[in-house]
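Understanding the architecture of this molecule
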Amino acid sequence: MTDSRPDGRYQARGVSASKDEVHAAIEGQDQGLYPGAFCKIIPDLLTSDPDHCLVMHADTAGTKSSLGYLAWREGMGVEVFAGIAQDALVMNLDDCGCVGALGPLLVSNTIGRNAKLVPGEVIAAVIGGYQAVCDLLTDQGIPCVMCGGETADVGDVVRTLDVGCTVTARLPRADVIDAARMAPGDAIVGFSSTGQAKWEDRPNSGMGSNGLTSARHEALGADYAAKYPETYAPEVDRDLVYCGSHALSDPLPGDDRFTVGSALLSPTRTYLPLIRRLVDAVPHEDLHGLIHCSGGGQTKIGKFGAGENGEGLRFVKDGLPEVPPLFRLLRASTESSWEEMYMVFNMGVRLEAIVPEDRVPACLDVATECGIDAWRTGHVEAAEAAEVVIHAEGGEHRYAI
């Protein structure tokens, strides 16, 4: 039976862009001080200071760690795991940054491994990768401190390696960026996930750390399934396992700076240095929201589409940039629909600022200062219910949230 959902192929591999079951499971939980914020924010229970609040966020690199394992086994070098650590850490840090938490940021890492397959040199590379990101951000004026963690040998549970961490921050309530302030008439500014930011030492393909379950299976060929059965779930239909046509070492079509493998493993960019400049350039009352286009890709913003008075918001994206080469390859590999692509992947934009129209130039200037491309990618309208409408490759794509 064909799955008719927009992310049907993604769902068939045991993952979800919408995470409907997860949202249903937590529906009854307290939503914190700012229910419309990008992350849950709670009172400062550590000091009982009514003027401050706390953010604690946990995430992992997801199945990108399985791809890192495969690449390491294929000879790409243990340093790929430093990038996996960056993936896990940035997925936490940038979510926290979207509510205004810009340090000090406290990091605790959690590694689960199959010790029969993953030796100590890999663990050392992961921990070194965490520290490198913390050092970079501290040098950028965003204090980030490693606080230890746990490495668990859980081969009965984890096939290869699971890399995750938890980040905690304390911030003034006056600094909180609350996405509930997004309103009709606002503009959406999108910041590129590709290129090379001024704090990066190499170009970025834009991959990030979402959609890797689809990305590696759609791009890479069947030989990897036979060689590394530990890198995929045996419950998945074999027609969806490494069903692409590429090797890790193949040049990336359209961008000869990358191989297919290095493009897929391109470490997730942190936008915290950009956000730090943005909060200085745009008055706090005009920074209505920051959205990290992680799980859900270009539809992520729709999760925050309920206005302060309960009305819905429609997010119209009619100015997205040209689709980067990596995402073109992923679609061409198995002819996934454009509708699914925009729902699963960031498609070249992984951070959005929602601001009044007259603040767009300031956002674009900050991006230029950081060496990152940016565009006015859309606007916000009133609607009966939350909705994302994308006008891009493949025509119009509508997503009811």
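Cut-offs used in this document
- Residues numbered from 1 in each chain as written.
- Predicted model: local features only at pLDDT ≥ 70, side-chain atom pairs only at ≥ 80, totals over all residues.
- Heavy atoms only, no water.
- 1 Å grid on protein atoms, 1.4 Å probe; cavity = no way out; pocket = protein on both sides within 12 Å on 5 of 7 lines; lining within 4 Å.
- Points joined across faces, edges and corners; volume = space filled by probe spheres on them.
- Nonpolar A, V, L, I, M, F, W, Y, C, P; charged D, E, K, R; others polar.
- Pairing = 2+ DSSP bridges.
- Helix = DSSP H or I, 4+ residues; strand = E, 2+ residues; numbered from the N terminus.
- Axes fitted to C-alpha atoms, helices over the stretch in contact; angles between N-to-C directions.
- Contact = heavy atoms within 4.5 Å.
- Buried < 20%, exposed > 50% of the residue type's maximum accessible area, 1.4 Å probe, protein only.
- Lys, Arg positive; Asp, Glu negative; His and termini not counted.
- Salt bridge = Lys/Arg side-chain N within 4 Å of Asp/Glu carboxyl O.

**Focus: empty space enclosed by the protein**
Inspection of the entire model under this criterion finds 2 cavities of 30 Å³ or more. Taken as a whole, the largest cavity spans an internal volume of roughly 50 Å³. In terms of lining, the largest cavity is formed by Met-207, Gly-208, Ser-209, Asn-210, Cys-293, Ser-294, Phe-327, Val-344, Phe-345, Asn-346 and Arg-350. Of the residues in the lining of the largest cavity, the class split is 5 nonpolar, 5 polar and 1 charged. Considered as a void within the structure, the second largest cavity measures approximately 40 Å³ in volume. If you trace the second largest cavity, you find it lined by Ser-214, Glu-218, Leu-330, Ser-336, Glu-340, Met-341 and Phe-345.

**Some thoughts on the sheet that holds strand E10 (residues 374-383)**
In space, the 7 strands of this open sheet follow the order E7-E9-E6-E10-E8-E11-E12, with mixed pairing throughout. Looking at the sheet topology across the chains shown, the edges are occupied by strand E7 (289-292) and strand E12 (395-400). The mean angle between the axes of side-by-side strands here comes to 20 degrees, regardless of whether they run parallel or antiparallel. With 6 bridges joining them, strand E8 (residues 312-317) and E10 adopt antiparallel strand pairing. By the bridge assignment, Phe-315 is partnered in E10 with Val-380. Sitting on the sheet, helix H4 (residues 80-97) touches E7 and strand E9 (349-355), and the angle it makes with E7 is about 165 degrees. Packed onto the sheet, helix H9 (residues 272-281) meets strand E6 (187-192), E7 and E9 and runs at close to 10 degrees relative to E9.

**Section: the side chain of Lys-300**
Turning to its location among the elements, Lys-300 is positioned in the loop between E7 and E8. Of the side chains bearing the opposite charge, Asp-95 lies closest to the buried Lys-300, which forms no salt bridge; the N-O distance is 5.7 Å. Beyond its immediate sequence surroundings of up to four residues, Lys-300 is in contact with Phe-38, Ile-291, His-292, Cys-293, Ser-294 and Gly-295.

**So, the pattern of salt bridges**
When charged atoms on two side chains of opposite charge get close, those side chains can pair. This model, assessed by the stated rule, comprises 20 salt bridges. With a shortest N-O distance of 3.1 Å, Arg-314 and Glu-381 are connected by a salt bridge. A residue pair is termed long-range when its members are at least 10 positions apart, and Arg-314 in strand E8 and Glu-381 in strand E10 qualify at 67 residues. Glu-381 gets classed as partly exposed once you look at its relative accessible area, which sits at 28%.

**Overview of the layout of surface pockets**
The calculated volume of the second largest pocket comes to roughly 670 Å³. Lining of the second largest pocket is provided by 23 residues; of these, Gly-83, Gln-86, Asp-201, Arg-202 and Pro-267 occupy positions nearest its centre. Counting residues per element, the ones that place at least two in the lining of the second largest pocket are H4 and helix H5 (120-139). Counted by class, the lining of the second largest pocket contains 11 nonpolar, 7 polar and 5 charged residues.

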